[in-house]
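Here is how the chains run, residue by residue.
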Amino acid sequence: MRFWSRFRSWLRATLWRSRMESEMDAELRFHLQAYAKDLVHSGVAREEAMRRAQIEFGGIELVKEEGREARGVNLLQSLVQDLRYGASNMLRTPGFTGITVLTLALGIGATTAIFSAVNPILFESLPYPHADRIMMISDWQHDGSRLDVTFHTYRELLERNRSFESMAVTKPWRPALISTMQPERLDGQRVSAMYFGVLGVAPVIGRDFDPSEDQLNGPRVVILSDGLWKRRFAGDRTIVGRQVTLDDDLYTVIGVMPSAFENVLAPLAELWSLLQYDTRNITSLQTREWGHHLRMVGQLRLGLNSEQARREFDTIARHPVQEFPRPAWASLEQGLIVNSLQHDVTENVRPALLAVLGAVLLVLVIACVNVTNLLLARGVRRRGEFALRTALGAGRSRLVQQLLTESLLLAAMGGVAGLAVAQLGVRLLVALSPSELPRVGTIGVNATVLAFGLCVTTLIGLGVGLIPALRASRHDPQMGLRESSQRTAETHQRARRALVVAEVGLALVVLVSAGLLLRSLERLFAISPGLDPSRLLTMQVQESGRRFDDDSVRYRFFAQALEAVRRVPGVKAAAFTSQLPLSGT
Amino acid sequence: MDKQLDLLQGTLDLLILKAVSLGQRHGYGVLLGIQQISKDRLEIQQGSLYPALYRLEHQGWIASEGGESDASCKRNQKSGIAWRR
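Residues numbered from 1 in each chain as written. Chains lettered and ligands numbered in written order. Predicted model: local features only at pLDDT ≥ 70, side-chain atom pairs only at ≥ 80, totals over all residues.

### Some words on the overall build of chain A
What counts here: Runs of H or I in DSSP of at least four residues are treated as helices and runs of E of at least two as strands, each being numbered from the N terminus. Buried residues are those with 20 or more other C-beta atoms within 10 Å of their own C-beta, exposed residues have 12 or fewer, and partly exposed residues lie in between; C-beta atoms are placed from the backbone. Once C-beta atoms are placed from the backbone, any two residues with those atoms within 7 Å are in contact.
From N to C terminus, chain A includes 18 helices and 13 strands. Relative to its full complement of 585 residues, chain A shows a buried share of 28%. Contacts in chain A between residues far apart in sequence, at least 24 positions, make up 78% of those at least 6 positions apart.

Quick look at the structure:
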């Protein structure tokens, strides 16, 4: 309650400043006159009474100043005062200011840049509504690792489960776009009809897939990404209903995804079409519907978690039913794995990112310790100034307030400069990051990152200034004015030495860690791959079109292509392979 | 004999509150009131009266009203708040 009345009083005093001032002035004068009158009544001469009244009252200005302070009006005034003073101080010592701002800029900038990369992966949730309910479902391999599911497994689970709102499967699809321009091989996905429904995103132009279209020999429909729509179709608003040729077949465009859509399962995919697998003939086992090649996602029902879903799948797995017979390789005898999609997408890079974040925080701490040291040294030099101010009546909190304002100002300048560093750093990060880094597209200086930078800057400003401020304001004014005192010099030296030790220690930790990592990298590159890659070229070749449906035609094409390449001057040998060595998955 | 003591801040506040509880007063009147209460044994530094008054008003213990023709501010006590500790 008292806080509220204080606030109201402060507000009144700030808003109606001049009126309060004149009221206070009138009141004090009235007091003086009343007192003088009393003195006259008791026999003192008029002028003498006025003079005595003024002397006994004390300085009017001092009383007014104390009155203003009691009302709390002074805070805003004093802050503005401090800012001006601090700014002029900084301009007077450009070297010190420059170094401090630069140090802080590097620390804050690097931390902000790393945070912008780490934030979308570690902290933010996936850019879908209900992102925490989207699960990735996989089968087990014999060695315990994960395995893609088969189409019939997906259908059985879809039919029999009670835990999921919706489920979908997806596989990669790389059609060739044939048009008047150069044919282009595109990255895309073949999905079941509910794929976008599971993610909770819908096309911004046109419509989503319809489950009735997801049948064998169903209509050929395709949804484009915003990027592809702008790049190959010039952002044509009448695109819905247009026909495009993909791999010799005519597809109808039915929709375009929003530009903000992030497809974490296949970040490079630019177009989507339906799987249109055969849902009947479950007993014929040599079909693609029984191959393990589909990735499965699902959206949990509200209120359920992944553990409950997994247990339900276990029950389903242990009790096969007649309408869903299973072959030995899709027996589901080990149950299924259910993991949150967010976790799956980020788990590989999480430890590395945490390590990088830790390292950059260490660098920030080093920068802060450095600046604290510099401020302490400067505080020693300004002893005389503080002593004078204390003697003139400044309380300790006033001095601390002034010094903290100065350090906040320094931090603010460092923060602004750090923003430039962060921008540079972010660009560097995006350029250098591996393609497997999830959500690379969202790394940038956005509102969250700026807010983080602001918080860090404020904390640093206060933290860095606190110790020097407390130290500087502690002095007995007499000692400061006398410009001597060995004792305070001693304690100052000790504090600064401790800070230097801390800084060197932290820097060593960072250096040694970096050195060890570089060593590991060096060893990694020194491993012999077992072949001499110095004059090897690789390229991907894919056929496209109806005429290659016939195996013999396809074989003949590849054989002729190989021959032609062998005859190119400069080529010593050429061969085909289905998988390059050291190419990973 | 008038004693001059270094009063603690809280003491001055209490005296002011007591003086004001006896009725609305302007600043000079509060001073006289305190002298009355203490039976002239305490002399308040006049310069410290007004900051204390403003502080009490800021914190909400007393309220002030605009003055009359003699341009003074009468002060009265906000009833109820003093007892809401």
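Next comes the rest of the description.
### Comments concerning the overall build of chain B
A count of helices and strands for chain B gives 3 helices and 2 strands. Walking chain B from its N terminus toward its C terminus, one meets helices and strands in the order α-α-α-β-β. Within chain B, buried positions represent 33% of all 85 residues. Long-range pairs, those at least 24 residues apart, make up 45% of the contacts in chain B with a sequence separation of at least 6.

### A short note on the nonpolar core
All names here are of chain A. Heads up, the rule is: The term nonpolar core means buried Ala, Val, Leu, Ile, Met, Phe, Trp, Tyr and Cys residues held together as one set by C-beta atoms within 7 Å.
Counting residues in hydrophobic clusters, the biggest one holds 55 residues, and the most contacted among them are Met 135, Val 222 and Val 297. What Val 222 contacts, discounting residues up to four positions off in sequence, is Val 244, Leu 246, Tyr 251, Val 253, Leu 271, Trp 272 and Ser 273. With 38 residues, the next largest nonpolar core counts Leu 104, Val 360, Leu 404 and Val 426 among its residues.

### What about the environment of A:Val565?
Residue and element names in this part refer to chain A. Its place among the elements puts Val 565 in helix α18 (residues 551–566). The spacing of Val 565 and Ala 575 is 10 residues in sequence and 9.3 Å in space, taken between C-alpha atoms. Residue contacts for Val 565: discarding those within four places in its chain leaves Val 571 and Ala 574.

### Side note on unusual backbone geometry
Residues and elements named next belong to chain A. With a phi angle near 55 degrees, Ala 234 is a residue other than glycine that sits in the positive phi range. Here Ala 234 shows up in the loop between α9 (226–233) and β9 (243–246). Using a count of 9 C-beta atoms within 10 Å as the deciding quantity, one classes Ala 234 as exposed.

### Description of the pairing of β9(A)
Residue and element names in this part refer to chain A. How we decide: Strands qualify as paired when DSSP identifies two bridges or more between them.
Burial of the side chains of β9 is restricted to one face: Val 244 and Leu 246 are buried, whereas none of Gln 243 and Thr 245 on the reverse face is. Across 2 bridges, the pairing between strand β4 (residues 176–178) and β9 is antiparallel. Pairing of Ile 178 across the sheet is with Thr 245, part of β9. Bridge count for β9 against strand β10 (residues 249–256) is 4 bridges, and the pairing is antiparallel. Within the sheet, the bridge partner assigned to Leu 246 lies in β10 and is Asp 249.

### Focus on the packing of helix α12 (residues 350–381) of chain A against helix α15 (residues 447–472) of chain A
Residue and element names in this part refer to chain A. Operational definition: Orientation is described by axes fitted as lines to C-alpha atoms, over the contacting stretch for helices, and by angles from 0 to 180 degrees between their N-to-C directions. Here is the rule for angles: anything less than 35 degrees is roughly parallel, anything more than 145 is roughly antiparallel, 65 through 115 is roughly perpendicular, and the remaining ranges are oblique. Here a crossing is called left-handed whenever its near helix is offset anticlockwise from the far helix by less than a right angle, and right-handed whenever the offset is clockwise. Under the grouping applied here, Gly and all other residues not named as nonpolar or charged are polar, the nonpolar ones being Ala, Val, Leu, Ile, Met, Phe, Trp, Tyr, Cys and Pro and the charged ones Asp, Glu, Lys and Arg.
Across the interface, α12 lies against α15 with an axial gap of 9 Å and an inter-helix angle of 30 degrees. It follows that α12 is roughly parallel to α15 by the angle criterion. Read as a crossing pair, α12 and α15 show a hand that is right-handed. Of the residues in α15, those in contact with Cys 368, Val 371, Thr 372, Leu 375, Leu 376 and Gly 379 of α12 are Ile 460, Gly 463, Val 464, Gly 465, Ile 467, Pro 468, Arg 471 and Ala 472. Its residues assigned to classes, the contact of α12 with α15 shows 9 nonpolar, 4 polar and 1 charged.

### What to know about helix α4 (residues 60–70) of chain A
Basically, it comes down to this: The arc in question is formed by the directions pointing from the helix axis toward the C-beta atoms.
When α4(A) is considered as a whole, its buried residues turn out to be A:Val63, A:Glu66, A:Gly67 and A:Ala70. Buried residues in α4(A), looked at end-on, bunch into an arc of 105 degrees, giving them a common side. In this structure, the buried side of α4(A) is in contact with α2 (17–41) of chain A together with α3 (46–59) of chain B.

### Some details on the confidence of the model for chain B
Residue and element names in this part refer to chain B. Cut-off, in case you're wondering: pLDDT is a residue-level measure of predictor confidence that goes from 0 to 100.
Residue-level pLDDT values for chain B average 66, and 65% of them are 70 or greater. Within the model, the stretch residues 77–85 combines pLDDT values under 50 with 14 contacts to residues more than four positions away or in other chains. Listed scores for the predicted complex are pTM 0.68 and ipTM 0.75.

### Some details on the packing of helix α6 (residues 94–123) of chain A against α12(A)
Residue and element names in this part refer to chain A. For the pair α6 and α12, the least separation of the axes is 9 Å and the interaxial angle reads 160 degrees. In terms of axis orientation, α6 runs roughly antiparallel to α12. Crossing of α6 over α12 shows left-handed handedness. Residue composition of the contact of α6 with α12, by class: 19 nonpolar, 5 polar and 2 charged.

### Re the environment of A:Gln401
Residue and element names in this part refer to chain A. As for its placement among the helices and strands, Gln 401 is situated in helix α14 (residues 396–432). Overall, Gln 401 belongs to the partly exposed group, with 18 C-beta atoms counted inside 10 Å. In this structure, the C-alpha to C-alpha distance between Gln 401 and Ser 473, residues 72 residues apart in sequence, is 10.0 Å. Among all residues touching Gln 401, those that are not within four sequence positions of it are Ser 78 and Asp 82.

### Describing the environment of A:Phe313
All names here are of chain A. Position of Phe 313 among the secondary structure elements: in helix α10 (residues 306–318). A residue is classified by how many C-beta atoms lie within 10 Å of it, and Phe 313, with 21 of them, is buried. In this structure the C-alpha to C-alpha distance between Phe 313 and Arg 160, which are 153 residues apart in sequence, comes to 9.1 Å. Excluding anything up to four places from it in sequence, Phe 313 contacts Leu 157, Gly 335, Leu 336 and Val 338.

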